[in-house]
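# A structural walkthrough
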Amino acid sequence: MADFEDIYLSLLGHLGPGDAVPWVENAFAPESPCEREYCRMREAYERLCRRLGVEQTGEDPDLEIMVDALEAIQRQLCESLLRSLQTQLPSS
């Protein structure tokens, strides 16, 4: 079985066709629900940066902390789900 890192990176679309785990769907493929939600989030992020007056850098430290925290939570949830599924699968 592929390791968590390869599965997770394939899920996020961070690995190319030759490197991605073949049975893992890229959740962020063009026109996918995740890709659309990510675009909505980035648009809101950019609007907030403009309102905060940081449009030159396009980054606000507190917003970066929020995004990083949500990404860390997402990763933990995925890892927990994979561990849970692995305990339910029959041993090979």
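Criteria and cut-off values
- Residues numbered from 1 in each chain as written.
- Predicted model: local features only at pLDDT ≥ 70, side-chain atom pairs only at ≥ 80, totals over all residues.
- Heavy atoms only, no water.
- Helix = DSSP H or I, 4+ residues; strand = E, 2+ residues; numbered from the N terminus.
- Buried < 20%, exposed > 50% of the residue type's maximum accessible area, 1.4 Å probe, protein only.
- Contact = heavy atoms within 4.5 Å.
- Areas by Shrake-Rupley, 256 points an atom, 1.4 Å probe, with all protein chains shown as cover.
- Lys, Arg positive; Asp, Glu negative; His and termini not counted.
- Charge placed at Lys NZ, Arg CZ, Asp CG, Glu CD.
- Expected span 1.5 Å × (residues − 1).
- Polar contact = N/O pair within 3.5 Å; in protein donor to acceptor, adjacent residues only side chain to side chain.
- Patch = residues over 30% accessible without salt bridge, like charges linked within 9 Å, V, L, I, M, F, W, Y side chains within 5 Å.
- Salt bridge = Lys/Arg side-chain N within 4 Å of Asp/Glu carboxyl O.
- 1 Å grid on protein atoms, 1.4 Å probe; cavity = no way out; pocket = protein on both sides within 12 Å on 5 of 7 lines; lining within 4 Å.
- Points joined across faces, edges and corners; volume = space filled by probe spheres on them.
- Nonpolar A, V, L, I, M, F, W, Y, C, P; charged D, E, K, R; others polar.

Counting its secondary structure elements, the chain contains three helices and zero strands. Each helix and strand of the chain, placed in order from N terminus to C terminus, yields the pattern α-α-α. Expressed along its principal axes, the backbone C-alpha trace of the chain runs to roughly 55 × 25 × 20 Å. Counting every position in the chain, which comprises 92 residues, the buried fraction comes to 15%. Considering only contacts within the chain whose residues lie at least 6 apart along the sequence, 26% involve residues at least 24 apart. For the chain, the exposed area adds up to about 7,200 Å²; of that, 57% sits on carbon and sulfur atoms. A gap of 7 Å separates the mean positions of the 8 positive and 18 negative side-chain charges of the chain.

Looking now at helix α3 (residues 61–88). Counted at 1.5 Å a residue, the expected span for α3 with its 28 residues is 40 Å, and the 41 Å between its end C-alpha atoms agrees. Considered for burial, the residues of α3 that qualify are Leu-63, Val-67 and Leu-82. On its buried face, α3 is in contact with α1 (4–12) and α2 (33–52). One side-chain oxygen at the N-terminal end of α3 lies 3.1 Å from the backbone nitrogen of Asp-62; it belongs to Asp-60.

Our next topic: a nonpolar patch on the surface. Together, Leu-70, Ile-73 and Leu-77 make up a nonpolar patch on the protein surface, roughly 320 Å² of accessible area in all. Examined against the element boundaries, Ile-73 turns out to sit in helix α3. On the basis of relative accessibility, which here comes to 47%, the residue Ile-73 falls in the partly exposed class.

Of the volumes computed, that of the largest pocket is approximately 410 Å³. Contributing to the lining of the largest pocket are 13 residues, with Phe-28, Tyr-38, Met-41, Glu-71 and Gln-74 lying nearest its centre. Looking at the lining of the largest pocket, the elements that each hand over two or more residues are α1, α2 and α3. Broken down by element, the residue count for the lining of the largest pocket peaks at five residues, all from α2. Approximately 220 Å³ is the volume attributed to the second largest pocket. Ile-7, Leu-11, Cys-78, Leu-81 and Leu-82 are the residues nearest the centre of the second largest pocket, which is lined by 11 residues in total. Looking at the lining of the second largest pocket, the elements with two or more residues in it are α1 and α3. For the lining of the second largest pocket, the per-class residue count stands at 11 nonpolar, no polar and no charged.

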